[in-house]
Each structure stands twice: as C-alpha cells, then as structure tokens.
Amino acid sequence: MPTVSVGRDRLFTALGRSYTQEEFEDLCFSFGIELDDVTTEKAIISKEKHLEEEKPTADDEIIYKIEVPANRYDLLCLEGLAQALLVFNGKEKIPKYTVANISKASMLKMHVKKETSLIRPFIACAVLRGITFDEASYNSFIDLQDKLHQNICRKRTLVAIGTHDLDTLQGPFTYEALPPPEINFVPLKQAKNFRADELMEFYKSDLKLKKFLHIIENSSVYPVIYDRNRTILSLPPIINSAHSAITLKTKNVFIECTATDLTKAKIVLNTMVTTFSTYCKRKFEVEPVEVISFDGKSSVYPDLSEYNMEVPLSYITGSIGVPLEVDEVTSLLKRMQLHAEKAESGEAKISVSVPPTRSDILHPCDVMEDVAIAYGYNNIPKRTLSSLKPLPLNQLSDLIRYEIAMNGFTEVLTWILCSKKENFEMLNRKDDKSTAVIIGNPRSSDFEVVRTSLMPGMLKTVGHNKDHPKPIKIYEVGDVVLLDEKKDVGASNRRLLGALYCGANSGFELIHSLVDRIMEVMGTPFVPVGDKSGYFIELSNEPEFLSGRQAKIIYKGGRIGIFGIVHPEVLNNFDIPDPCSFLELDIESFL
C-alpha cells in the first residue's frame, strides 16, 4: 500500500485542530488508513544518504507517514487527505467540482497526429487558472505526480503526466510522433540543447530517469508535444522541457497526460485537477481543453461529471450484518464523500452519485465497504456465518496449536520454500529425486525447493536467535509438499506439526511428553507394539537424529511421525551451539 509523507503541523492546520498522536491514530483507523511512522525531515534525508541519524531537535518538522489504500488516488497528497478527513469529520461539505463554462471556440486545442498511434496514442489535458503556490503546496503538487507515476501509471508505462507554465506557451498545441534526430530541446534542469536520441544516452546514467527509457527507446518515433511556435513542452514519458517549467510564481498550469490507456489517463487527470483546484482563484473550477484527433474526432477534458448508481439497502445491510435505515446509510456515505439519497423507485434503494475524485467506486460492494468504514468496523458485531464451515483439517490444526501453546511453546511461521542444501545436505539427508518439488526458475538460491519437512525452517529460526534466553521452545503447524504420482498436479500437500526444544540439555523427555500429550488429547491410547488400536513408538534410524536417541511414531499400523535428539552435525550446519530435540508429526493422519 502507498505511503504518503506529510508535515504534521501543516496537516493539523488544514484539519483546523491539533491531535495527539493517539487521537490521530484513532482518526486514521476510523477512516480506513493507518499512521505508519512518525519521523523528521532530517531522519528521512539521513536514511536516504545512509548517514548516522541525528537526534531530533525541537525545531525539526515532524513528518507523518500515512498508509493509504492503493486504489484511493485522491489520498496520495496532503490536500486530498485533509479534504477527505474534513468531510469525514463533518467539518466541510462534499466539494462540487466544475468545468469552466466556456465555448469550444475559446478553449485551448490539442491536435493529435496520426503517427502517435505507433507509440503512445492517447492524450488528455486541462488547465488550472489563477493558481497560487507556496513552497509546501508546490512540493505537494510535484510529489503527487511522482506518487501517481508509481501507482496507477505503472511507472509511466500506462500514463505520463506533464505540467507546464501556460504563460510561457501559446496554443494551440500538437501531439506528434517523430524520428528521434528531428526532436531538439533543452530538457528540465539542463542548460544544453539535446537531440532526443542523445538525450536517451545522456539519461542512461541518471538514477531517476534511466528506469523509464525502455518505454520508448526502441521505437522508430518518439512522442513529443509542441505549442503554436514549435516550442517543445515535453518528450513523454521521459522529461519535460525547461522552457515551460512551473515555479512558485506560476499562475496558470497546463496539464497533459499522454497514455497507452485512455481510462487511466482520465483518472490521473481528474485526480490532479480536483486535488489542486483548491488553490485556484475560482475554487474547484477547472478549465477544459479540446483534444482533436487526426480523424477529426473531438473530445473535451477533463470529464468531471458524477457517476450514478443505485444500490439496494438490503445488499448493504446484509453484507455488513447491521440493520440500518436509509437515512443512516445516506448520512454515512456523505461522510465518505459520496452524494447519496433514497432512490425514487418503490423498493428501498440508495441512489449514489460518485464524484470524479472517487474512481475506486466501481461496484455496489465498494459503496457497501464505505458504509462499513463510516459505521466503524469495531462497531459491527462479530458473528459466524451459518454457511461458513471451516475445513476439518483447519479445525484440527487450530486445536493442536492451542494445546501446544498451553504447554509453553511459541508458534513460528517459516518459509514454505527453502534451498536444496537446507532441505537435504544440512539435515544429513540424500536427495533421491523422488520427494521434493523443485522450483523451475528460482529467483534466489534460498528458495529452490518446496520444503518436505518443517525441520529446516525451525532450525534456521533457532540459529538466527541463538542469543535468545534458553530454553527455546517453538512449534509450527504448516504444510509440506511431496511428489505424488497419484495426484493430477504430480504433488500433494501434507499438514505437519513440528516442535523443537533447545536448551542447556537436549530436552528429549519434554519432546517425548509432548508426543504423549498430543496423543492423549486426540483420544489415541498407547498400545503394545503391533496393536493397531492406538499408537506405539519404535526405534528409528534417520540421519538427522542421534543414533539410539530417536523413535518413530506408529499409528494404526503406519508411521505418522518421528522425534529425537538432533544430530550434532546438523546443529553445526545451522550454527546452533546448544543441544536440541525435535518432533515432527503428520496431523492429517488423525482425520
């Protein structure tokens, strides 16, 4: 999930009051976001430069790092976050975003050439008139573009945003695609004129921009935007021109979004203009731009119209599990910036108008979720659905977890993937090629096979925590995977229990008593060898355990587990200095 960094004091000023950290955490939780970290600007810079962190002083600005849902693009900056929280708290009404009422003849025009279809076919534009920036809002404006580029724009592959000082340009504009040698301009933050192909070579050493070069560098033509005087605005999706760079003095901002996905371009443009139209002379008003395609088709952007849907009240209340009246639901939705009222149709339905800021609302389930958030998840009574019946294996696993925890063991969760060396050689086992599922194209040598035992992960856990006070008593209930020709996928899962004791002595008797306790709670009596009415133990000879200090568990005539003192060579392989005893049991055998 994306994390938004905002200055605490500036955020509280926008919210109209101060909060203690605990109060703000509660507000975030109520709204469905999370205060992830509290830091300072100096600490962030020190971390980025790998410097030793300085102790914060009273003058350091406190930075709140807030985690927001990945589909809430309107919350990716302080302005959107503050607006949403003000509406949620009932301090402000839902903003009404409008497109300036001007004729098509008066609109700025963007003409799209046919060649753009070869590389990046779509473009959407808008103008923010009479905007007033200060340093903080300017930085927020730039930061929102970066956040969108990383999120919905998929690192500029789907959409690239260009923002320009309109007063340095003259419309109409043209969106073209030309061979690289024909494109010459001074890029942002540079003083030298570059040809487009030279620019691609130049930015291969730029840590920030080199990751975007692959999007167009192998194309025969590059996308480029010109104004009436053939002044270049940008080379999307790489870099804007220095000529039209916005500054703190910029009053009119021209925004263009070039894209391979028009729907995403519209969402990105709407997010930019609705969020920062709050700083315009005419608050929440955006000037449209006409985009004229090479085939003569005309489109006007941005589209700030509201999307309407009707949602049955029964769907909302049935899904949440709380009886609510229509008026309660509409009131809750308004707190989430959704216009809502009772539908005119006979049955109980909610008519919802979705503003351009809420592109995440696609289905009635999204409306239902917003009602649940505004109502408060903690206020929803817990209940077990009558149709929800847990699998017997999961029920048994939970019961065994509870019982072993009652015996003083701590649960661990380890990776289901491990290296071949950990699964075989480090356990003194030989790979007979008939048990382990091999990963075809592993990204790391640490994850080459699917584990066939819980033992490697648990020994690795102890090895990494050998300085922990002794004794260490841990357990895990998890799946292993074994090759199985009888299955259509060639392998089968088995649910195992692993328990490990590590201390000053081996603790073999404690692991043995744990076996007896598990069998007791499973209602399985200890019986003489050969009796299939219960369980018994027999001497085993596995290489991962000490000879003569290990036993296999036989249940109903079949082996279901093994326990014993771990071999010193195995302990040495996992860098464990203390003796250990280990139990592994197939709990599916009890079903």
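Every value quoted in this text rests on a predicted model; they were computed, and no experiment measured them.

Chemist: What am I meant to see in the side chain of T524 here?
Modeler: Relative to the elements of secondary structure, T524 occurs in the loop between α14 (508–521) and β25 (535–539). Beyond its immediate sequence surroundings of up to four residues, T524 is in contact with M519, G534, Y535, Y555 and F590.

Chemist: Hey, could you run me through the side chain of D484 in this one?
Modeler: Position of D484 relative to the elements: it lies in the loop between β23 (472–483) and β24 (491–502). For the buried D484, no salt bridge exists, and the shortest N-O distance to an oppositely charged side chain is 5.1 Å, to K487. Only 3.0 Å separates the side chain of D484 from the backbone nitrogen of K486, close enough to count as a polar contact. At 3.3 Å, the side chain of D484 and the side chain of S492 are in polar contact. Residues in contact with D484, not counting those within four places in the same chain, are G490, A491 and S492.

Chemist: Is there a simple way to explain the packing of helix α9 (residues 326–335) against helix α10 (residues 364–375) in this structure?
Modeler: How two helices pack is summed up by the angle between their axes together with the distance between the axes. At a minimum axis distance of 8 Å, the contact between α9 and α10 shows a crossing angle of 90°. As judged from the angle between their axes, α9 and α10 are roughly perpendicular. Contact residues: V329, L332, L333 and R335 in α9; V367, D370, V371, A374 and Y375 in α10. For the contact of α9 with α10, the per-class residue count stands at 7 nonpolar, no polar and 2 charged.

Chemist: Where do I start with unusual backbone geometry in this structure?
Modeler: Omega for the bond connecting Y301 with P302 falls within 30 degrees of zero, at 0°, which places this linkage in the cis form. Position of P302 among the secondary structure elements: in the loop between β16 (298–301) and β17 (307–312). Put simply, K470 and P471 share a cis peptide bond, and its omega is 0°. Here R230, not a glycine, exhibits a phi torsion of approximately 65°, which is positive.

Chemist: How should I be thinking about the packing of helix α5 (residues 135–150) against helix α7 (residues 262–276) in this particular structure?
Modeler: With their axes 11 Å apart at the nearest point, α5 and α7 run at an angle of 165° to one another. Overall, the two elements α5 and α7 adopt an arrangement that is roughly antiparallel. The interaxial crossing formed by α5 with α7 has right-handed handedness. Taken together, the residues of α7 that come into contact with α5 (itself represented by S137, S140, F141, L144, Q145 and L148) are V268, T271, M272, T275 and F276. Counted by class, the contact of α5 with α7 contains 6 nonpolar, 5 polar and no charged residues.

Basis of the calculations
- Residues numbered from 1 in each chain as written.
- Predicted model: local features only at pLDDT ≥ 70, side-chain atom pairs only at ≥ 80, totals over all residues.
- Heavy atoms only, no water.
- Helix = DSSP H or I, 4+ residues; strand = E, 2+ residues; numbered from the N terminus.
- Contact = heavy atoms within 4.5 Å.
- Buried < 20%, exposed > 50% of the residue type's maximum accessible area, 1.4 Å probe, protein only.
- Lys, Arg positive; Asp, Glu negative; His and termini not counted.
- Salt bridge = Lys/Arg side-chain N within 4 Å of Asp/Glu carboxyl O.
- Polar contact = N/O pair within 3.5 Å; in protein donor to acceptor, adjacent residues only side chain to side chain.
- Axes fitted to C-alpha atoms, helices over the stretch in contact; angles between N-to-C directions.
- Parallel < 35°, antiparallel > 145°, perpendicular 65-115°, else oblique.
- Nonpolar A, V, L, I, M, F, W, Y, C, P; charged D, E, K, R; others polar.
- Left-handed = near helix turned anticlockwise from the far one by under 90°.

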